[in-house]
Amino acid sequence: NKSAEKIPRTKVRTIFLHIIFTSADLSVSHFKCDTCLNSWHIHRLTINHGIWLSNKDILLLGEHGCSVTHNPLSNLKLGSGVCPIRELLDAGANLAIGTDGTSTSDTADFMAALRLTGLLHKIGDPDFTQWLSAEEAFRLATQGGARSILQQEDIGTLEVGKKADVILVDRNAWSFLPLNHVERQIVFSGSSESVRTSIINGRVMMRDRRLIGVDETALKDEVREAAERFRDRHWPNKGTDGCVGAA
């Protein structure tokens with residue numbers, strides 16, 4: 001808190017805080033949401049995970065318009081718990097979706113994280129009116145993400161004057177045949193394989209599933225070689241199973 005207090009408010013863009021990730025955090029982090037909000041520039045705070053927030057924390061985050069990034073793939077793999085998305089949304093907090101690190105979720109597949117977000121929060125409450133809808137999940141993935149990095153004026157929606165951050169999805173993919181409801185089919189049926197083209201700030205970065213300006217074959221070879229060097233250095237007597245890659 002003291003370090004954050006020293007940062008001039010005019011210099012702060014966004015503050016990201018990985019906290020309340022596991023129940024153990026409650027006993028070792030001494031996290032005080034009200035103290036953080038007073039010290040860390042209020043609405044500029046984005047909490048990653050936020051699984052074990054108290055009711056008071058949730059209300060404070062909503063009152064001050066803070067953001068929470070939901071990382072369902074990582075949280076489920078590590079058994080950390082489930083972010084209280086409905087409670088946060090009802091309190092007025094902004095929610096976004098993340099993939100966390102590949103060492104914790106084993107993938108940076110955002111579409112997989114989006115689908116799991118749309119499905120996970122149906123568990124535990126028989127009241128379907130409280131379930132996260134596909135439209136809400138889609139909003140978390142777009143507008144919510146933009147708001148969490150304080151760039152909602154530039155990205156997050158397709159509008160004149162905003163940056164052209166766009167993905168083009170294959171309408172002929174089985175996920176979209178027939179096309180009945182765009183948001184629902186993207187959330188519940190879509191996959192990263194159906195994303196054909198990616199445009200960032202008007203620049204095409206992937207076209208027809210080929211990265212522009214990147215030699216993917218060479219990159220994969222480099223990753224394999226780096227993994228082999230790491231394994232040989234740290235586990236010289238083990239094979240590939242259990243040492244490198246998904247656990």
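Residues numbered from 1 in each chain as written. Predicted model: local features only at pLDDT ≥ 70, side-chain atom pairs only at ≥ 80, totals over all residues. Heavy atoms only, no water.

Undergrad: Please set out the sheet that holds strand 4 (residues 94-97) residue by residue, giving values where relevant.
TA: Spatially, 1-2-3-4 is the arrangement adopted by the 4 strands of the open sheet, whose pairing is parallel. On the outer flanks of this sheet lie strand 1 (15-19) and strand 4, each paired with one strand and no other. When the angles between neighbouring strand axes are averaged without regard to direction, this sheet yields 25°. Judged from the 3 bridges that link them, strand 2 (residues 45-49) and strand 3 (residues 67-70) form a sheet pairing that is parallel. By the bridge assignment, Thr-46 is partnered in strand 3 with Ser-67. (Pairing = 2+ DSSP bridges. Helix = DSSP H or I, 4+ residues; strand = E, 2+ residues; numbered from the N terminus. Axes fitted to C-alpha atoms, helices over the stretch in contact; angles between N-to-C directions.)

Undergrad: I'd like a description of the pairing of strand 2, backed by residues and values.
TA: Taken across its 5 residues, strand 2 has 5 buried, putting it largely inside the fold. The pairing of strand 1 with strand 2 spans 5 bridges and is parallel. What sits directly across from Leu-17, in strand 2, is Ile-47. Taking the sense of rotation as the criterion, the β-α-β connection linking strand 2, helix 4 (residues 55-63) and strand 3 turns out right-handed. (Buried < 20%, exposed > 50% of the residue type's maximum accessible area, 1.4 Å probe, protein only. Right-handed = clockwise from strand over helix to strand, strands pointing away.)

Undergrad: So what about the sheet that holds strand 7 (residues 203-207)? Which residues, and what values?
TA: Reading across the sheet, the 4 strands line up as 5-6-7-8 and stay open at both edges, with antiparallel pairing between neighbours. Each of the sheet's edge strands pairs with one partner strand only, and the pair in question is strand 5 (166-169) and strand 8 (210-211). As paired strands, strand 6 (residues 195-200) and strand 7 are joined by 3 bridges and run antiparallel to one another. Following the sheet pairing, Ile-199 is matched in strand 7 by Val-204.

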